[in-house]
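Structure assessment
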Amino acid sequence: MEAIDIWNETGARMCDIELGKEKDETACAALAGRLETWFMKYKASWRSISKEGDLHHISEIVFWYADILRGRKPYEK
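Residues numbered from 1 in each chain as written. Predicted model: local features only at pLDDT ≥ 70, side-chain atom pairs only at ≥ 80, totals over all residues. Heavy atoms only, no water.

**Here we look at helix α1 (residues 2-18)**
Between the first and last C-alpha of α1 there are 24 Å, a value that for 17 residues agrees with the 24 Å anticipated at 1.5 Å per step. Of the residues making up α1, those classed as buried are I6, T10, M14 and I17. Taken down its axis, α1 places every buried residue within 70 degrees of arc, on the same side. G20 sits one or two positions beyond α1 and adopts a positive phi of about 75 degrees. (Helix = DSSP H or I, 4+ residues; strand = E, 2+ residues; numbered from the N terminus. Expected span 1.5 Å × (residues − 1). Buried < 20%, exposed > 50% of the residue type's maximum accessible area, 1.4 Å probe, protein only. Arc of directions from axis to C-beta.)

Take a look at the structure:
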């Protein structure tokens, strides 16, 4: 459930960014941290039952979102 909540909130924040709404920097940074923390747990779980495979692609996506939430990368449509 934690992952679903985090991804739902990430999607909502991305919609706000897309619509040009004012961004709560503190909340977005906290969400980025939660997203990264969740991914580290996910990665450990993945590695316990699977081979590395496409894990690096998943990490690129997770950290791309975290960077946008923190304002490190511009959101491109």
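**What to know about the nonpolar core**
Counting residues in hydrophobic clusters, the biggest one holds 11 residues: I6, C28, L31, A32, L35, W38, F39, L55, V62, A66 and L69. Secondary-structure elements contributing two or more residues to this core are α2 (25-49) and α3 (55-69). Examining the composition of this core, we find that six residues originate from one element, α2, more than from any other. (Core = buried A, V, L, I, M, F, W, Y, C linked by side-chain atoms within 4.5 Å.)

**Some thoughts on the side chain of E36**
Tracing the sequence through the fold places E36 in helix α2. Ignoring anything within four residues of it in the chain, the contact list for E36 reads F63, A66 and R70. (Contact = heavy atoms within 4.5 Å.)

**Structural notes on the packing of aromatic side chains**
Centre distance and the angle of the planes are the two values used to describe a pair of aromatic rings. Overall, the coordinates contain eight aromatic pairs when judged by the stated rule. Ring centres of Y42 and W46 lie 5.9 Å apart, and the angle between their planes is 55 degrees; this geometry places the pair in the tilted category. Highlighted residues: Y42 and W46, both in helix α2, separated by four residues, approximately one helical turn. Judged by its relative accessible area of 29%, Y42 is partly exposed. Every member of this aromatic cluster is reached through a ring pair, and the members are W7, W38, F39, Y42, W46, F63, W64 and Y65. (Phe/Tyr/Trp six-rings, centres within 6.5 Å; stacked < 30°, edge-to-face > 60°.)

**Some remarks on the state of the cysteines**
A complete count under the given rule lists zero disulfides for this structure. The thiol of C15 is unpaired, and the distance to the nearest cysteine sulfur, on C28, comes to 12 Å. On the accessibility criterion, C15 (47% relative accessible area) is partly exposed. With a relative accessible area of 1%, C28 lands in the buried category. (Disulfide = S-S within 2.5 Å.)

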